Amino acid sequence: MTELLQNLIDGLGRGSIYALLALGVAVIFGVMHLLNFAHGEMITVSGYAAYWAFQQGWSWWIVVPLILVVSVLTSLAIDQVAFRRVRGADDFTLLLTSFGVHFVVFSLFLLYVSASVKNFSRPGWVTDTYKVGSLRIEVFDTVVIGVTIITLLLVSLLLQRTMFGLALRAAAADFDTARLMGVRSDNVIRGAFGLSGLLAGIAGVFWLMRAGQTTPSAGLDPMLKGVLAALIGGLGSLRGAVLGGLALGMAEVLLRSRLPDSIAGLTEGVVFLLIALLFIFRPGGFVSVAHAERV
Amino acid sequence: MLEVAGITTKYGAISALRDTSLTVGSGEVVGLIGPNGAGKTTLLGSVAGLLKPTGGTVTFDGADVTGAAPEKLLRAGLALVPEHRRIFVDLTVEENLKIGGITASKSDRAELLEEMADLFPVLRDKWTTQAGFLSGGEAQQLAIGRALMSKPRLLMMDEPSLGLAPVLVDVVFELIESLRAAGRTLLVVEQNASRMLEVADRAYVLRSGEMVAEGTGAELLERTDLFDTFVGG
């Protein structure tokens, strides 16, 4: 029982980061029908920004806001440079474009920075733990879960209470009709990339704090987790994305601690197997979204 | 106010609209009738910016707006109540109306919301209901209210009576009458040709992508040669 509880708490911490990543993927998918395989590039770029900042002797207190700003700017820049040029193209073209962005960013860092791993110091408290009864809880997980809850509340306020949020929801439901009502398509899409970049930035802060390093392909893993979690949750559903992220985190932690040692290395594979099973029984993921037909 | 001059709009290689012209003067109620597939929705879509005409021009208040984006046309004062209403079913009635008033200032928007609640009492009762739960008639009123929220100078409606029970069709036509009495400029596509001709100042008849007749409502009602065009609505 204690072990299960321990796993659930660990899973919640891991899943929170996935939820933030998946939410960013879902926001973009909702508005543009783009499954963004470049979603991890914000973390790659901010990873190098963090590395550069530490070279200057800056502390995490300055690096955290730096990562958030760089992530948002990277997201907006990717839209401006790549996706803006294929507005209105079919979903497959958008998908390929996002792959292209991933490879371009990867190659730029590989060619002009370095292929080797760049290390920086992790904050001291990342590995600290405290005890609640017989449970050993990481300070890091506590911070992650707390920040995620606050972020989700703020995002939900943004979507429910502001005209931008309303426009975003209307555009996600029926893009053409939203435009007919005066919703500016460029503003909504730019706003979606900004929001998605901010969410990736928050997840990126935690990701980089824990990793303490960056490489040209640093964004690949977080991107995969985010896209997978969004798929599990039901593409286009924001609530589903959060649930998908939490479920993915829990599944990974549970499997890693429960699988016999001989196959524990195959955790990822077993997770994919479970996802395949989920899609056999619920092809739309946890929360199915009916999209209005586009004309 | 609106002048459509010789526009052609294609879906791939097929012309849904060929060299079609139409005008709407300020304060006029103009009907656009014709059988299914005549190109009526294509015409409204081409004017509202959803479709790009391959030839011809659309002029609104003297400015060439051919192929302009829908959000730009709305700001110029041109609103469309789309076919099948296309309300946002996951949003509440109030949120749907707010989206319609996205171009207005916050205080103007609050005033307009109040105005719509007065104009459509059924909506006031369902203010915080998700629009997906509305009946067909309520949804149509919401769609029209949502378009009115932008204070359009020209309101275009695509088949507002489609799929409604007869008593609700009456409600829609009464609404058109009241908008006309309020001096609004309307361009209405209708399958219910005889009803439309009764309320319209002028009307156009579209068939297979071409204008085949135009005149006052009374004139067209007497054109027995067009009867086969009217039948079916």
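Residues numbered from 1 in each chain as written. Chains lettered and ligands numbered in written order. Predicted model: local features only at pLDDT ≥ 70, side-chain atom pairs only at ≥ 80, totals over all residues.

(A) Focus on the overall build of chain A. Looking only at helices and strands, chain A features 11 helices and 4 strands. A principal-axis box enclosing the C-alpha atoms of chain A has dimensions of 60 × 50 × 35 Å. Taking all 295 residues of chain A together, 45% fall into the buried category. Across chain A, every contact between residues at least 6 apart in sequence was considered, and the portion connecting residues at least 24 apart equals 77%. (Helix = DSSP H or I, 4+ residues; strand = E, 2+ residues; numbered from the N terminus. Buried ≥ 20, exposed ≤ 12 C-beta atoms within 10 Å, placed from the backbone. Contact = placed C-beta atoms within 7 Å.)

(B) View of the overall build of chain B. Secondary structure summary: chain B contains 10 helices and 10 strands in total. Radius of gyration (C-alpha) of chain B: 17 Å, near the 17 Å computed for a compact globule of 233 residues. Expressed as a percentage of the 233 residues in chain B, the buried residues total 45%. (Rg over C-alpha atoms; globule rule 2.2 N^0.38 Å.)

(C) Quick peek at the sheet that holds strand 2 (residues 14–24) of chain B. Residue and element names in this part refer to chain B. Spatially, 2-1-4-5 is the arrangement adopted by the 4 strands of the open sheet, whose pairing is antiparallel. Every interior strand has two partners, whereas the edge strands, strand 2 and strand 5 (63–64), have only one. With 7 bridges connecting them, strand 1 (residues 2–11) and strand 2 associate as antiparallel partners. Paired with Ile 7 across the bridge in strand 2 is Thr 20. (Pairing = 2+ DSSP bridges.)

(D) Quick peek at the packing of helix 3 (residues 93–100) of chain B against helix 6 (residues 136–148) of chain B. Residues and elements named next belong to chain B. It is at 7 Å that the axes of helix 3 and helix 6 come closest, and there the two elements cross at 35°. Here the hand of the crossing between helix 3 and helix 6 comes out right-handed. For the pair helix 3 and helix 6, contact is made by Val 93, Asn 96, Leu 97, Ile 99 and Gly 100 and by Leu 142, Gly 145, Arg 146 and Ala 147, respectively. Each residue belonging to the contact of helix 3 with helix 6 can be placed in one class, and the counts come to 5 nonpolar, 3 polar and 1 charged. (Axes fitted to C-alpha atoms, helices over the stretch in contact; angles between N-to-C directions. Left-handed = near helix turned anticlockwise from the far one by under 90°. Nonpolar A, V, L, I, M, F, W, Y, C, P; charged D, E, K, R; others polar.)

(E) Spatial organisation of the interface of chain B and chain A. Every contact between the two is made by 21 residues of chain B and, on the other side, 18 residues of chain A. Among the elements of the structure, helix 2 (70–76) and helix 3 of chain B are those that each provide at least two residues to the side of chain B that touches chain A. Here the side of chain B that touches chain A is built from residues that sort into 11 nonpolar, 3 polar and 7 charged.

(F) Region of interest: the environment of Ser 59 of chain A. Residue and element names in this part refer to chain A. Along the polypeptide, Ser 59 turns up in the loop between helix 2 (41–55) and helix 3 (60–81). Residue class for Ser 59 comes out exposed when judged on the 11 C-beta atoms lying within 10 Å of it. Considered as a pair, Ser 59 and Pro 123 are 64 residues apart in the sequence and their alpha carbons are 9.1 Å apart.

(G) A look at the pairing of strand 6 (residues 78–81) of chain B. Residues and elements named next belong to chain B. Of the two faces of strand 6, the one carrying Leu 78 and Leu 80 and the one carrying Ala 79 and Val 81 are both buried. Note: strand 6 against strand 7 (residues 154–158), 4 bridges, orientation parallel. Pairing of Val 81 across the sheet is with Met 157, part of strand 7.

(H) Structural detail: helix 1 (residues 40–48) of chain B. Within helix 1 of chain B, 9 of the 9 residues are buried, leaving the element largely enclosed by the surrounding structure. Those residues of helix 1 of chain B that sit buried are Lys 40, Thr 41, Thr 42, Leu 43, Leu 44, Gly 45, Ser 46, Val 47 and Ala 48 of chain B.

(I) Highlighting the sheet that holds strand 6 of chain B. Residue and element names in this part refer to chain B. Spatially, 6 strands are ordered 6-7-8-3-9-10 in an open sheet, and the strand pairing comes out mixed. Looking at strand neighbours, the two that pair on one side only are strand 6 and strand 10 (210–216), the edges of this open sheet. Between one strand and the next, the sheet's axes are offset by a mean angle of 15°, whatever the strand orientation. Across 6 bridges, the pairing between strand 9 (residues 202–207) and strand 10 is antiparallel. Paired with Leu 206 across the bridge in strand 10 is Met 211. The strands touched by helix 6 within the sheet are strand 6 and strand 7, with strand 6 carrying the most contacts at an inclination of about 170°. Set on the sheet, helix 7 (residues 166–181) makes contact with strand 3 (29–33) and strand 8 (185–190); between it and strand 8 the angle comes to about 160°.

(J) Representation of the nonpolar core in the model. With 145 residues, the main nonpolar core has Ala 22 of chain A together with Met 156 of chain B as its most contacted residues. A per-element tally of this core places helix 8 (residues 185–211) of chain A first, with 15 residues. The residues touching Met 156 of chain B, leaving out its near neighbours within four places in the chain, are Leu 44, Val 47, Ala 48, Ala 79, Leu 80, Val 81 and Leu 187 of chain B. (Core = buried A, V, L, I, M, F, W, Y, C linked by C-beta atoms within 7 Å.)

(K) Layout of the packing of helix 1 (residues 2–32) of chain A against helix 5 (residues 139–161) of chain A. All names here are of chain A. Following both chains from N to C, one finds helix 1 and helix 5 inclined at 35°, their axes separated by 9 Å at the closest point. Handedness of the crossing formed by helix 1 with helix 5: left-handed. Residues Ile 9, Asp 10, Leu 12, Gly 13, Ser 16, Ile 17, Ala 19, Leu 20 and Leu 23 of helix 1 form the contact with helix 5, whose participating residues are Asp 141, Val 144, Ile 145, Thr 148, Thr 151 and Val 155.

(L) Spotlight on helix 1 of chain A. All names here are of chain A. Relative to the 45 Å expected for 31 residues at 1.5 Å per residue, helix 1 spans 44 Å between its end C-alpha atoms, a close match to the ideal helical length. Judged by how many residues are buried, helix 1 sits mostly within the fold: 22 of 31 residues are covered. Taken from the residues just after helix 1, His 33 is the one with a positive phi, measuring 60°. (Expected span 1.5 Å × (residues − 1).)

(M) Inspection of the environment of Gly 37 of chain B at higher detail. Residue and element names in this part refer to chain B. With respect to the helices, strands and loops of the structure, Gly 37 is situated in the loop between strand 3 and helix 1. Here Gly 37 falls in the exposed class, since 12 other C-beta atoms lie within 10 Å of it. Spatially, the C-alpha atoms of Gly 37 and Gly 209 are 8.1 Å apart, while their sequence positions differ by 172 residues.

(N) Spotlight on the pairing of strand 1 of chain B. Residue and element names in this part refer to chain B. Between strand 1 and strand 2, which pair antiparallel and follow one another directly, the connecting turn spans 2 residues, one of which, Gly 12, has a positive phi of 65°. As judged from the 5 bridges shared by strand 1 and strand 4 (residues 55–60), these two strands associate in the antiparallel manner. From the neighbouring strand, Val 4 faces strand 4, where its bridge partner is Val 58.

These results come straight from atomic positions and should not be treated as a statement about function.
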